[in-house]
Amino acid sequence: MAQRKGCLIGCGVALVLGIAAVVALLFGVGKVVDAAGRTMLEPGVYRSVSVGDPEEAVRAKMPSGESFIKAALKSGGPAEPEGSVCTWYMSDADGEGETVYRFCFKDGKLAEKVEYRMK
């Protein structure tokens, strides 16, 4: 009888741990999808803005761009213009997501926009 109780307790613990692992996995996948959504940009949006456009108008066309993916997008790109604040996005037209769009702002205007391949 004692062995049965031990088995039931062990099976119950394993079930609870399994459910917790599935919930954690789904939560993690959701966070990655959310982060990717904040860094995806359509090529048409990239083409629709020009250097000198007001920063507020340019940013209104884009997602936040803030995520843990930012560091990966920065690697391999050209040097950032001195004194500017930049944001990075992945092209949503790329099947592999290798095209990066970088927008740099200075003094309330779009100072530079660059397109490059992620390394």
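Just so it is clear, the model here is predicted, and its values are computed rather than measured.

Engineer: For this particular structure, what's the right way to read the overall build of the protein?
Structural biologist: Of regular secondary structure, the protein possesses 4 helices and 4 strands. Ordered by position in the sequence, the α and β elements of the protein form the string α-β-α-α-α-β-β-β. Across the 119 residues that make up the protein, the buried fraction comes to 26%. Look at the contacts in the protein between residues 6 or more apart in sequence, and 53% of them connect residues 24 or more apart. Accessible area of the protein: about 7,600 Å², with a carbon and sulfur share of 63%.

Engineer: Mind showing me how you'd approach the state of the cysteines here?
Structural biologist: By definition, a disulfide is the covalent link that joins the sulfur atoms of two cysteine residues. The tally for this structure, following the rule as stated, stands at 1 disulfide. The disulfide partner of C86 is C104, and the gap between their sulfur atoms is 2.0 Å. The S-S bond linking C86 to C104 shows a torsion near 105°; that makes this disulfide right-handed. Pair noted here: C86 is in strand β2 (residues 85-91) and C104 is in strand β3 (residues 99-106), with a separation of 18 residues, a long-range link. When its relative accessible area of 7% is taken as the criterion, C86 is described as buried.

Engineer: What should I look at first to understand the pattern of salt bridges in this one?
Structural biologist: Pairing between side chains of opposite charge can happen when their charged atoms approach one another. Taken as a whole and assessed by the stated rule, the structure comprises 3 salt bridges. Between R117 and E98 there is a salt bridge; the shortest N-O distance is 2.9 Å. Placement of the pair is R117 in strand β4 (residues 109-117) and E98 in the loop between β2 and β3, with a sequence separation of 19 residues. Given a relative accessible area of 44%, R117 falls into the partly exposed group. Residue classification places E98 among the partly exposed positions, given a relative accessible area of 31%. Of the charged contacts in the structure, one is a salt bridge between R102 and E112, with a shortest N-O distance of 2.3 Å. One end of the pair, R102, is in strand β3; the other, E112, is in strand β4, with 10 residues separating them in the sequence.

Engineer: What is the right way to look at the sheet that holds β3 in this model?
Structural biologist: Pairing in this open sheet of 4 strands is mixed, and the strands run β1-β2-β3-β4 from one edge to the other. Looking at strand neighbours, the two that pair on one side only are β1 (40-41) and β4, the edges of this open sheet.

Engineer: Explanation requested: the pairing of β4 in the structure shown.
Structural biologist: Two faces, one strand: in a regular strand the side chains alternate between the faces of the sheet. Pairing of β3 with β4, which is carried by 8 bridges, proceeds in the antiparallel orientation. Looking at β4, one finds that K106 is bridged to K109. Linkage of β3 to β4, two consecutive antiparallel strands, is achieved through a turn of 2 residues, within which D107 is found at a positive phi near 55°.

Engineer: What is the right way to read the packing of aromatic side chains from this model?
Structural biologist: A ring pair, where both rings are aromatic, is described by two values, the distance of the centres and the angle of the planes. Counting across every chain of the model gives 3 aromatic pairs. Here the aromatic cluster, defined as three or more aromatic residues joined through ring pairs, consists of Y46, Y89, Y101 and F103. In this structure, K113 is placed above the aromatic ring of Y46, and the distance from its NZ or CZ to the ring centre is 4.5 Å.

Rules and cut-offs
As a convention, each chain's residues are numbered from 1 in the sequence order in which they are written. Selection of residues for local features in this predicted model requires a pLDDT of at least 70, selection of side-chain atom pairs for listing and counting requires 80 or more, and totals for whole chains, interfaces and linings are taken over all residues. Side-chain numbers come from the whole structure's heavy atoms, not from hydrogens or water. To qualify as a helix, a DSSP run of H or I must reach at least 4 residues; to qualify as a strand, a run of E must reach at least 2; elements of each kind are numbered from the N terminus. Think of it in three bands: residues with accessible area under 20% of the maximum for their type are buried, residues over 50% are exposed, and the middle band is partly exposed, with areas taken using a 1.4 Å probe on protein chains only. By definition in these notes, contact holds between two residues if any of their heavy atoms fall within 4.5 Å. Accessible areas in this description were obtained via Shrake-Rupley with a 1.4 Å probe; residue shielding takes into account the shown protein chains only. By definition, disulfides here are pairs of cysteine sulfur atoms that lie within 2.5 Å. The term salt bridge refers to a side-chain nitrogen of Lys or Arg lying within 4 Å of a carboxyl oxygen of Asp or Glu. Any two strands between which DSSP finds at least two bridges are classified as paired. Any two rings among Phe, Tyr and Trp, with Trp reduced to its six-membered ring, count as a pair given centres within 6.5 Å; such a pair is stacked if its planes are under 30 degrees apart, edge-to-face if over 60, and tilted if neither. Placement of a charge over a ring requires the Lys NZ or Arg CZ to be within 6 Å of the ring centre, with the centre-to-atom vector within 35 degrees of the ring normal.

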